[in-house]
Amino acid sequence: MPWDLIVKAVEAVCDTPWVLLYVKRWLAAPLQFPDGVLVERDKGTPQGSAVSPILANLFMHFAFDRWMARNYPGCPFERYADDAVVHCVSRRQAEDVLAGIAVRMEEVGLRLHPDKTHIVYCQDGRRRDEHEHTAFTFLGFTFRARGAKNRKDGSVFTSFLPAMSTEAFKAKSAELRSMRIHRRTTITLGELTRWLNPIVSGWMHYYGRFYQSAMYPLLQRLNTYLRRWAGRKFRRLRSHKRFMRWWAEVLDRAPGLFAQWRWVRAS
């Protein structure tokens, strides 16, 4: 992002001299490598700086949000940082808007990512052969045609719905694996719940907001780790029969002990 346009965006919402001074200093701060070498910069915001996200968001507000509202008022859109989804009513309109956005980004010193920018058909699941892209991922959710049930009469139909993306699923699976839950045998059952529940609840509240069944395999995998933890923690449970009896007692006595048990019963 060009520094002059970043400063111009800040000046549009703030006229406090010391704020503008520090913004300019932040932008011009050199990049220091691990070996101590300093490299001068001439554009963009300093990577890792606490001020970079707000400067980038403010820049995009004027470079994209306000521009879209002026030039394409009939195209609603969502933007988070530098990711955006623009809604159009036809392919012709989508092509026109995409071309306009590409020109606009060039004007403000940016460019669209060639591998991540697509026109996506998202009306239904019946015309897949006519369109190259029929799904997209945004903020950890994959939007595509999925089966849905009518709440009134129970009939099944196809709707364009979000669900936890494959990439997000793999990332959370890797995070779950790195926790090494089954090896934390020095902590108690209560400590285990206090550690895991806030993390898992966060996943469920975010990714489970839509099509929560996409999360079930991940939560079931967590249950498997818990069973392995119990088997390692208590020697008396090394017998499968004893283990299953103890596990059933825990489930009956405290069915809400772990956050994921609200959705996936640990059998």
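The structure presented is a predicted model; accordingly, all values stated were derived computationally and were not measured.

Looking at the overall build of the chain
And step 1. When helices and strands are counted, the chain shows 8 helices and 7 strands.
And step 2. The C-alpha radius of gyration computed for the chain amounts to 25 Å, which surpasses the reference 18 Å derived for 267 residues by more than 25%, pointing to a less compact arrangement than a globule.
And step 3. Oriented by its inertia axes, the alpha-carbon framework of the chain measures out at about 70 × 60 × 30 Å.
And step 4. Taken across its 267 residues, the chain has 35% of its residues classed as buried.
And step 5. Of the roughly 17,300 Å² of accessible surface on the chain, a fraction of 53% belongs to carbon and sulfur atoms.
And step 6. Charge centroids of the chain, computed over 43 positive and 25 negative side chains, lie 16 Å from each other.

Side note on the side chain of Asn197
And step 1. Mapped onto the secondary structure, Asn197 falls in helix 6 (residues 189-207).
And step 2. Once residues within four sequence positions are removed from consideration, Asn197 is found in contact with Leu257, Phe258 and Ala259.

Here's the deal with the nonpolar core
The nonpolar side chains of a soluble globular protein tend to be buried, and buried together.
And step 1. With 32 residues, the main nonpolar core has Leu176, Ile181, Leu192, Leu196 and Met215 as its most contacted residues.
And step 2. Of all elements in the fold, only helix 5 (166-178), helix 6, helix 7 (216-233) and helix 8 (240-253) reach the threshold of two or more residues within this core.
And step 3. By residue number, the principal contributor to this core is helix 7, which donates 7 residues.
And step 4. If we ignore the near neighbours within four places in the chain, the residues touching Leu196 are Met179, Ile181, Leu222, Leu226 and Phe258.

Description of helix 8
Since the α-helix turns once every 3.6 residues, residues separated by three or four places project in the same direction.
And step 1. Given a rise of 1.5 Å per residue, 14 residues ought to cover 20 Å, and the 20 Å separating the end C-alpha atoms of helix 8 matches this to within 8%.
And step 2. Burial in helix 8 covers these residues: Phe243, Trp246, Trp247, Val250 and Leu251. Projection of helix 8 onto a plane perpendicular to its axis shows the buried side chains occupying an angular sector of 135 degrees, all on one side. Facing away from the buried side of helix 8, by more than 90 degrees, are the exposed residues Lys241, Asp252 and Arg253.
And step 3. Where helix 8 is buried, its residues meet helix 7.

Re the side chain of Ser201
And step 1. Residue position: Ser201 is located in helix 6.
And step 2. At 2.8 Å, the side chain of Ser201 forms a polar contact with the backbone oxygen of Asn197.
And step 3. If sequence neighbours within four positions are ignored, Ser201 has contacts with Ala259 and Arg262.

Looking at the packing of helix 7 against helix 8
And step 1. Direction vectors running N to C along helix 7 and helix 8 enclose 120 degrees, while the axes themselves pass 11 Å from each other. What the angle tells us is that helix 7 and helix 8 run oblique. Crossing of helix 7 over helix 8 shows right-handed handedness. Counting all contacts with helix 7, which are made through Leu226, Arg227, Ala230 and Gly231, the residues of helix 8 involved are Phe243, Met244, Trp246 and Trp247.

Focus: unusual backbone geometry
And step 1. At Leu139, a position not held by glycine, the phi torsion is positive, near 55 degrees.
And step 2. Of note, Leu139 is situated in the loop between strand 5 (136-138) and strand 6 (141-149).
And step 3. Located in the positive-phi region is Arg180, a residue other than glycine, with phi close to 55 degrees.
And step 4. Within the secondary structure, Arg180 is located in the loop between helix 5 and helix 6.

The rules behind the values
In this numbering scheme, every chain counts its residues from 1 along its sequence in written order. Selection of residues for local features in this predicted model requires a pLDDT of at least 70, selection of side-chain atom pairs for listing and counting requires 80 or more, and totals for whole chains, interfaces and linings are taken over all residues. Side-chain calculation: all heavy atoms of the structure are included, whereas hydrogens and water are not. Put simply, DSSP marks the helices as runs of H or I at least four residues long and the strands as runs of E at least two long, and each gets a number from the N terminus on. Put simply, the radius of gyration uses C-alpha atoms, and a globule should come to 2.2 Å times the residue count raised to 0.38. Residue exposure (1.4 Å probe, protein chains only): buried if accessible area is under 20% of the type maximum, exposed if over 50%, otherwise partly exposed. In this description, accessible areas are obtained by the Shrake-Rupley approach with a 1.4 Å probe, and a residue is regarded as covered only by the protein chains that are shown. Neither His nor the chain termini are counted; the positive set is Lys and Arg, and the negative set is Asp and Glu. A single reference atom marks each charge: NZ on Lys, CZ on Arg, CG on Asp, CD on Glu. Two residues form a contact once any of their heavy atoms are found within 4.5 Å. Take the buried Ala, Val, Leu, Ile, Met, Phe, Trp, Tyr and Cys residues and link them wherever side-chain atoms come within 4.5 Å; each set so joined is a nonpolar core. Here the expected length of a helix is defined as 1.5 Å per residue gap, with one fewer gap than residues. Arc, as used here, means the arc of the directions from the helix axis to the C-beta atoms. Nitrogen and oxygen atoms within 3.5 Å of one another constitute a polar contact, given that in protein one can donate a hydrogen and the other can accept it, and given that sequence-neighbouring residues count only through two side-chain atoms. To obtain each axis, a line is fitted to C-alpha atoms, and for helices this fit is confined to the stretch in contact; angles are then taken between N-to-C directions over 0 to 180 degrees. Note on terminology: angles under 35 degrees are roughly parallel, angles over 145 are roughly antiparallel, angles of 65 to 115 are roughly perpendicular, and the others are oblique. Note: crossing handedness is left-handed where the near helix turns anticlockwise from the far helix by less than a right angle, and right-handed where it turns clockwise.

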